[in-house]
Each structure stands twice: as structure tokens, then as C-alpha cells.
Amino acid sequence: MSRDLILRGGRVLCFGSTMPEALDVRIGGNGRIVAIAPDLPDGDAQVCVLDGQLVLPGLVDIHQHLDKSRTRALVSNPSGTLAGASAAYRALAPTITRDQMMARALRTVEACSAFGTVAIRSHTNIDPQSGVRGIEAMVALRQRCADRMRIQIVAHVTSDATSMLPETEVWLRSAIDLGVDAIGGVPAFSDQPIAFLKLLFEMAQRSGLPLDMHIDEHLDETKLLFDELAQMTRAYGMAGRVVAGHCSALSAMPPDAALRTIDNLRDAGVGVVTLPAANLFLQGREVDRLPPRGLTRVKRLLDAGVAVAAASDNVQDPFVPTGSGDLLEIARWTLLAGQLGLGDLRKTFEMVSATPALMMGLGEDWGIRKGARADILIARADSVDDLVAGGALDRTVLFGGRVVASCSVNLHPDPVAGRA
């Protein structure tokens with residue numbers, strides 16, 4: 001057991017609070033928060049003097065594809081479309097070894113960790129080209145990275161597998177046995193989308209796992225699955241356990257129809273994740289004037305009371321050729337591309353922290369509160385709004401009370417050395 005650690009002199013954003021407060025945080029040797037109060041006594045604890053830096057809960061990336069990460073240089077997607085990206089990765093997939101996949105994913109995990117992310121949900125391909133090989137690799141990665149990142153794995157049925165229902169059921173059973181954390185897929189890719197969606201719900205119900213799917217990642221208002229998704233969520237009693245990623249087609253619907261659909265999703269208990277990087281890059285390329293942004297109706301969803309998170313999606317692969325791993329960058333893109341307001345910076349911070357933490361079921365083990373794991377981002381910024389607006393050069397990240405990344409020259413040197 002290590003000695004206790006006190007974070008002293010920071011401005012702490014406690015769970016449930018609207019504003020940071022001048023508080024100290026004591027972290028026990030087991031990596032959990034044991035006290036939060038002004039001027040905590042040192043006792044025999046190590047002390048980190050923060051000099052007014054923000055002390056925030058670690059960021060949560062609910063939608064990535066770590067299995068595909070950093071394959072950009074190995075593929076070609078001349079059309080720049082979702083179909084082109086899918087075809088490009090489908091051709092590459094049979095050649096990728098487990099070790100190669102893990103090595104590339106590990107680089108992305110390390111980058112995300114350095115920027116303040118403490119949890120990632122990775123949508124991992126199940127398809128005819130790779131079966132559950134990607135799942136096996138991500139299970140191994142989850143264990144390897146357990147000292148710096150909580151990784152959840154979604155059994156993500158995609159490509160031709162969406163139309164191979166008997167085979168998909170077998171693959172999903174294998175993925176469940178391997179220890180995935182959620183079930184998902186792309187119903188819009190299937191030649192039997194309703195039957196495929198039903199299969200995903202049935203597998204989730206049997207296994208007790210939540211659902212996290214790619215829903216209507218396109219701009220064709222004549223091919224929508226939102227109502228079926230809401231209906232099945234009710235029928236299978238899964239309110240609060242279903243997440244719909246992308247939902248781009250909401251923005252292609254007439255306003256009145258979109259608002260009715262949004263109310264239906266909210267009442268069914270479906271959460272939504274917007275992925276601005278992928279949607280800005282892939283959607284609307286066929287339009288010859290005023291190309292659409294391709295995002296879902298972020299503001300309307302928020303105004304209606306739907307739980308909305310934002311996430312990285314792909315990092316440097318055929319679907320998104322860029323990506324730093326910085327969720328604050330994603331928050332900025334969400335505010336800009338989603339045309340939120342000047343007063344919504346804090347809202348976008350919640351979209352990469354508290355909201356996805358709730359969707360991922362992290363529960364009372366997340367956030368700055370007594371008893372929670374000390375997964376913390378320390379950043380030099382005047383406020384949470386300023387942090388989202390411009391980022392911070394000085395960031396220190398604690399995972400389970402241990403410093404896993406730091407570029408701050410202002411942190412007291414002895415505790416950092418002692419805890420590294």
C-alpha cells in the first residue's frame with residue numbers, strides 16, 4: 001500500500017457541483033478518494049501543491065474503434081465516404097495480426113490518457129473477415145491497460161455480418177463468452193435491418209448486457225430505424241440501457257418529424273452519442289452545394305432532455321484520418337459543428353465526462369466524491385468553460401490515484417516522483 005496523497009490548493013469540481021471550489025482532496029493508498037474538504041491536515045500523506053489548478057473528473061470517451069486505430073497509412077478511401085471507408089478496412093482486415101492491432105491501439109490509449117481520458121468504450125468489429133479476432137485482441141488490451149484506462153468492449157457487428165443472422169448469433173455468443181461489456185452493430189448495413197436489430201436486442205436480453213449501436217449513420221430520411229429502436233427498447237424493458245450512436249439522419253428529417261422522433265427516443269430511454277469528426281468527414285460528399293454538416297440534431301436533442309454524449313469515434317483510420325485523442329477537442333467540434341451557443345461550453349464538457357460516464361454505467365466509481373476511484377484530470381485553466389474553449393498546456397492525469405501522465409512543471413516534484 002502506498003502512502004495517502006493530498007491534492008492541495010486546487011479548484012475542485014465535485015460530483016454534482018456546478019462550480020469548482022477551493023478544496024483539498026485526500027486519496028488513500030488504495031487509489032480512492034477518502035476526504036474532500038478545505039485545508040485537510042497533512043498527517044503522514046504526501047502533498048501535491050496545485051496552485052489554483054482545476055481538479056476535474058477524468059474524461060470519458062464512450063465511442064472509439066481501437067481495433068481500427070492508426071491504420072490510415074495502410075488503406076485508401078478515395079471517395080471519402082462511409083461506404084469507401086468500410087470497403088477499405090474490409091480489404092485490410094484479413095492481414096492484420098493481433099499484435100499489430102494491439103500495438104496501434106495501445107498508442108491511442110496512451111495518447112488519450114495523456115490528454116485526460118480515463119475510460120474508453122471501444123466498438124470492436126465482428127465481421128466475416130475477422131470473426132472475433134478483434135474482440136480477443138481488445139480483451140487482451142483491456143487487461144494490459146488496466147493500470148491507466150478503463151476499457152469497455154462493444155461486440156460491434158458490421159459489414160456483411162449484419163446480413164448473416166445465424167452466423168452473427170454464433171459470433172456474438174463467442175464474444176459474450178470472451179467477456180465483452182456491451183452489444184452493438186450497424187442495422188442500416190443489413191438486408192434485414194429489423195430482424196438484425198431484434199437479434200441484437202435478444203442477445204442483450206439473454207446476456208444482461210447493454211446495447212450501444214450505430215443508428216442511421218446516413219442522411220436518407222426514407223431509411224430510418226429510430227421508431228423501431230424506441231419501440232424495441234420499450235418492448236425489451238431496456239430503458240436507460242440503450243445507446244444510439246451517430247443518428248445523423250435526424251438532421252435530414254423535416255423539423256416536426258424530427259422533434260416527434262426525438263421525443264420518442266427520450267420517452268423510450270435511449271441515449272444518443274454524436275461523433276462530429278466522422279460525421280463531418282464522411283457525410284454529405286455527394287451534395288454539390290451547401291454540403292450538410294452530417295451531425296445529428298444535437299441542440300434539439302439536448303433541449304428535449306435526451307442524454308447526449310460526444311466522442312472521438314475513429315482515430316487516424318479510413319473513417320477519420322485525423323485524431324489526437326484529446327476529448328476537449330471533440331467537445332469544441334461538437335459546439336461548433338452542432339451550432340450550440342456561447343454559453344454551452346460547460347454543456348459540452350458534460351458531454352465528454354458525466355453523461356458518457358452515466359451511459360457506460362460507471363456509477364458511483366466515477367467523479368470527484370468520497371469513495372470513488374481517483375481518476376482525475378488536473379489542468380491549468382481559469383474555468384471549465386475556458387478549458388473547453390482553449391484547452392490547457394499543463395495537464396496531469398491520475399488513474400486510481402497514481403500519476404499516469406503529466407506535462408505540468410508546476411506540480412510539486414516530490415509527490416510526483418514518489419507516485420510515478
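These remarks concern the structure in this document. (Residues numbered from 1 in each chain as written. Predicted model: local features only at pLDDT ≥ 70, side-chain atom pairs only at ≥ 80, totals over all residues. Heavy atoms only, no water.)

So, the overall build of the chain
- Per the secondary structure count, the chain includes 14 helices and 16 strands.
- Taking 420 residues into account, the globule formula puts the C-alpha radius of gyration at 22 Å, and the chain, at 21 Å, falls close to it.
- Counting the 420 residues in the chain, one finds 58% classified as buried.
- Partitioning the intrachain contacts of the chain with sequence separation of at least 6 by distance along the chain shows that 76% fall at a separation of at least 24.
- As presented, the chain carries roughly 16,300 Å² of accessible surface, and 52% of it is formed by carbon and sulfur atoms. (Helix = DSSP H or I, 4+ residues; strand = E, 2+ residues; numbered from the N terminus. Rg over C-alpha atoms; globule rule 2.2 N^0.38 Å. Buried < 20%, exposed > 50% of the residue type's maximum accessible area, 1.4 Å probe, protein only. Contact = heavy atoms within 4.5 Å. Areas by Shrake-Rupley, 256 points an atom, 1.4 Å probe, with all protein chains shown as cover.)

A short note on the packing of aromatic side chains
- Here the structure, examined in full by the defined rule, presents one aromatic pair.
- A cation over an aromatic ring shows up here: Arg369 above the ring of Phe15, its NZ or CZ 3.6 Å from the ring centre.
- The side chain of Arg373 reaches across the aromatic face of Phe399, ending 4.3 Å from its centre. (Phe/Tyr/Trp six-rings, centres within 6.5 Å; stacked < 30°, edge-to-face > 60°. Lys NZ or Arg CZ within 6 Å of the ring centre and 35° of its normal.)

Some remarks on the packing of helix H5 (residues 193-207) against helix H6 (residues 226-235)
- Running from N to C, H5 and H6 cross one another at 30 degrees; their axes reach a closest spacing of 11 Å. Between H5 and H6, the crossing angle belongs to the class labelled roughly parallel. In terms of crossing hand, the pair formed by H5 and H6 is right-handed. Facing Ile194, Leu197, Lys198 and Phe201 of H5, the residues of H6 in contact are Glu228, Leu229, Met232 and Thr233.
- Per-class residue counts for the contact of H5 with H6 are five nonpolar, one polar and two charged. (Axes fitted to C-alpha atoms, helices over the stretch in contact; angles between N-to-C directions. Parallel < 35°, antiparallel > 145°, perpendicular 65-115°, else oblique. Left-handed = near helix turned anticlockwise from the far one by under 90°. Nonpolar A, V, L, I, M, F, W, Y, C, P; charged D, E, K, R; others polar.)

Re helix H1 (residues 82-92)
- Within the span of H1, buried status applies to Leu82, Gly84, Ala85, Ser86, Ala88, Tyr89 and Leu92.
- Summarising the contacts, the buried residues of H1 are in contact with helix H2 (98-115), strand S7 (117-126) and helix H8 (276-282).

Notes on the side chain of Ser312
- Examined against the element boundaries, Ser312 turns out to sit in the loop between strand S13 (308-310) and helix H10 (327-337).
- You can call Ser312 buried: its relative accessible area is 6%.
- Here the side chain of Ser312 touches Asp61 through a polar contact of 2.6 Å, side chain to side chain.
- Those residues in contact with Ser312 that sit more than four places away from it in its chain are Asp61, His63, Gln64, Leu275, Ala277, Leu327 and Ile330. (Polar contact = N/O pair within 3.5 Å; in protein donor to acceptor, adjacent residues only side chain to side chain.)

Examining H10
- Those residues of H10 that sit buried are Leu327, Leu328, Ile330, Ala331, Thr334, Leu335 and Ala337.
- N-cap assignment for H10: the residue whose side-chain oxygen lies 3.0 Å from the backbone N of Leu328 is Asp326.
- Of the residues one or two after H10, Gln339 is the one with positive phi, at around 50 degrees.

Remarks on the pattern of salt bridges
- One pass over the full model with this rule turns up 22 salt bridges.
- Close ionic contact of Lys347 with Asp344 constitutes a salt bridge, the shortest N to O distance being 3.8 Å.
- Residue Lys347 is classed as partly exposed on the basis of its relative accessible area of 35%.
- Residue classification places Asp344 among the buried positions, given a relative accessible area of 14%.
- If you follow the salt bridges from partner to partner, you end up with Arg32, Arg150, Asp365, Arg373 and Asp375 in one network. (Salt bridge = Lys/Arg side-chain N within 4 Å of Asp/Glu carboxyl O.)

Examining the environment of Glu286
- Along the polypeptide, Glu286 turns up in the loop between H8 and helix H9 (298-303).
- As for Glu286 and Ala85, which are separated by 201 residues in sequence, their C-alpha atoms are 15 Å apart.

Side note on the pairing of strand S1 (residues 5-12)
- With six of eight residues buried, S1 lies mostly within the body of the structure.
- Note that S1 and strand S2 (residues 21-27) share six bridges and pair antiparallel. Across the sheet, Leu7 pairs through a bridge with Val25, a residue of S2.
- As paired elements, S1 and strand S5 (residues 54-57) share two bridges and run parallel to each other. For Val12, the partnering residue across the bridge sits in S5 and is Val55. (Pairing = 2+ DSSP bridges.)

Brief notes about unusual backbone geometry
- A positive phi angle, close to 55 degrees, is found at Asp51, a residue other than glycine.
- Structurally, Asp51 is set in the loop between strand S4 (46-49) and S5.
- We classify Asp51 as exposed; its relative accessible area is 57%.
- Even without being glycine, Asp216 reaches a positive phi, approximately 45 degrees.

From the geometry alone we can't say anything about function, so treat these as descriptive.
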